[in-house]
Structures are given as structure tokens and as C-alpha cells.
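Report on the structure
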Amino acid sequence: MVTNGSTWPVLPLEPRRYRFRFLNGCNARTLILKVVSDPAARRPVAAKLALWQVGSDGGFLPAPVRRDQLLLAPAERADVIIGFTTIPVGTELYLINEGHDATFAGGTVGTDFAAANPKTTGQVMTFVTEPLAAADTSTPPAQLKLPPFEPLGPADRTDRTRRVSLGEVASTRVPGVSPREALLGVIGPNGKPRLLGWADPITENPAVGSTEIWEIHNLTMDAHPIHIHEVQFQVVDRQTLPAGSRRPPEAWERGFKDTVLAYPQETTRVKTHFGQAGRYMWHCHILEHEDNEMMRPLRVGPA
């Protein structure tokens, strides 16, 4: 694991509050980050310190959110405050990763999947407390008043919700080998997915100034971080396929985002405003997927 260009770095810090900007820059790995006192403890490990998230991909959240762990898919960001104010000088604490050492599909560590190897990919960095140089006059994160959040207005036409799909193609030569390729596509009028490659004609062509609902139907067995270029969107809800109950976004997803984790066999809905004309793209942010056709062109404005 590499942090800011260094493998397993050590960060000296004082017993005060610090603000961290997290970015998951992994090719494919979804991270589950915690601050703990024993990096080799049996997973899952109890968190030693709370992670107060105040922002996501596109800026501040409506209010601070207390978390024990930070789930970050590739390309997702989190603006987090960690308080070391009660940690004695000379203490070592550890930022660990409990995310799976294989493709992430949701669920709980230790129940639905095995944690990352505690000796290697399960360790991220070390914090070592040093003497306090000056009093910490920062505001406790639970008391912070974040800038007012201005949500997007209603979608222009709810009857024109854009339905897109995430799918996979099995090998046509070797039986039982799947997936050979991951692709994006659309849900047709018959309710069936139509998978498309990068070179196929553009199917996502919103008007300049429009606000749309996108339904992302993940028909695969993996979770995919879906990134839409040039916009910041709001997560509306998620729904298990084929027609399960809807559930609201997580508390830390209620600000603006440009990357959303679409869970397997679920529909993830996002609302976005397209204010800038031009040709862009939307894609899965697992690099091996986006480089193997899980990417589609997007044109805002006249086709």
C-alpha cells in the first residue's frame, strides 16, 4: 500500500485534530479504512478513533457524519477530521484497510468476505504522537456548522429517466469463462439490457441546462464505481433488482459526488445537472474495466 508516494509511511503528529483529504487511487481495490491500535489484530478490528466526514467528491456535506470506518471505491474522495486530542505522547496508531483482496461486491468484512492481508495490503500508514506545540483551538467536528447545502432542483421530466446498464460478456470460445469483458449499455424499451462499446453511437445526449435522473442498473456480481465526467450529482436512492424496496443514500453520500458505488444486482439512481456543452464520457473507475470498454461517450448539447 502506497500513501502519497511512500510505502507504509509514518506520520508524526501532535495530540490535536487534523483534517485529512482521502483519495482512493487504487486500480481496482475498494478500501475500508480504520484507525486502530493494533495493525495485526484479527479482523474486523474495533476502531480506536472516530472519522468525522465533512465532505465528499464535490464539496461539503450538509452536516458532519461520524464514522468508524471509511468505505472508498476507486476515485472516491472523502474530507475527514480525526481527533488525536486524547492520545498520549509516544503512542502509535495505525490506519488499516479491511477491504477485500479481490473484487468488492458489498457486504461485511468477516461475514461476506475476508479482510485484506493484515501483513501487507491490510496496513496503510502509522501515526506517532509527539508533544503538543500549542493549544488546539479547533472546533470539535460534531459542533461544526458547514456551509449551507443547496441541492439540485427537480428533474426536468421524470418520465424521461435515463436507464443505463452495467453488464458482462462471457467467453464465446472457452465455456464457463466469465467475464471476458465488462461493458456499459442501456436498458431497452423491453426492459432488457443492450451492451455497447466505446465506438458505438452515443446514447446519452442530455440537453444543455437539463437536470436528469440516471438509473444505473448493475447486472453483474461486482460493485462498480461509476464516474460521470464534467458534472457533480446527488445520489437519490438504491433498489435491489428486480423490484426491491428503495433505500436512501448513506449519510456520507448526501453531498455532491462525481463517482458512485453501484452495488451488484441493484439499481443506483443519481440526479445531475448538465450545464456545460461538449463531448465527455462516463465509465467504471476500475482501471482494468474502463480500459477494456467499460466506458461510453456522453454528449451534452445537440447530437
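Summarised in this report is the structure supplied together with it. (Residues numbered from 1 in each chain as written. Predicted model: local features only at pLDDT ≥ 70, side-chain atom pairs only at ≥ 80, totals over all residues. Heavy atoms only, no water.)

As for the overall build of the protein chain
The helix and strand inventory of the protein chain stands at one helix and 22 strands. Its C-alpha atoms give the protein chain a radius of gyration of 21 Å, near enough to 19 Å, the size a compact globule of 303 residues would have. Expressed along its principal axes, the backbone C-alpha trace of the protein chain runs to roughly 65 × 50 × 35 Å. Per-residue burial for the protein chain yields a buried fraction of 49% across its 303 residues. Across the protein chain, contacts joining residues at least 24 apart in sequence account for 75% of those joining residues at least 6 apart. A total of about 14800 Å² of accessible surface is found on the protein chain, and carbon and sulfur atoms cover 52% of it. One way to put it: in the protein chain the 32 positive side-chain charges average out to a point 3 Å from where the 32 negative ones average out. (Helix = DSSP H or I, 4+ residues; strand = E, 2+ residues; numbered from the N terminus. Rg over C-alpha atoms; globule rule 2.2 N^0.38 Å. Buried < 20%, exposed > 50% of the residue type's maximum accessible area, 1.4 Å probe, protein only. Contact = heavy atoms within 4.5 Å. Areas by Shrake-Rupley, 256 points an atom, 1.4 Å probe, with all protein chains shown as cover. Lys, Arg positive; Asp, Glu negative; His and termini not counted. Charge placed at Lys NZ, Arg CZ, Asp CG, Glu CD.)

Some words on the state of the cysteines
Under the definition given, this model contains zero disulfides. Considering cysteine sulfurs only, C284 is the nearest to C26, which forms no disulfide, with 14 Å between them. A relative accessible area of 21% means that C26 is categorised as partly exposed. Among the residues examined, C284 registers a relative accessible area of 0% and is labelled buried. (Disulfide = S-S within 2.5 Å.)

Re the environment of Q143
By the element assignment, Q143 lies in the loop between strand 11 (123–129) and strand 12 (162–169). Sequence separation of Q143 and V186 is 43 residues, and the distance between their C-alpha atoms is 44 Å.

Details of unusual backbone geometry
Of note, the bond from S178 into P179 is cis; its omega dihedral lies within 30 degrees of zero at -5°. Within the element layout of this structure, P179 appears in the loop between strand 12 and strand 13 (181–187). P242 follows L241 through a cis peptide bond whose omega is 5°. Within the secondary structure, P242 is located in the loop between strand 17 (233–240) and strand 18 (246–247). Its identity is not glycine, yet A75 carries a phi of approximately 85°, on the positive side.

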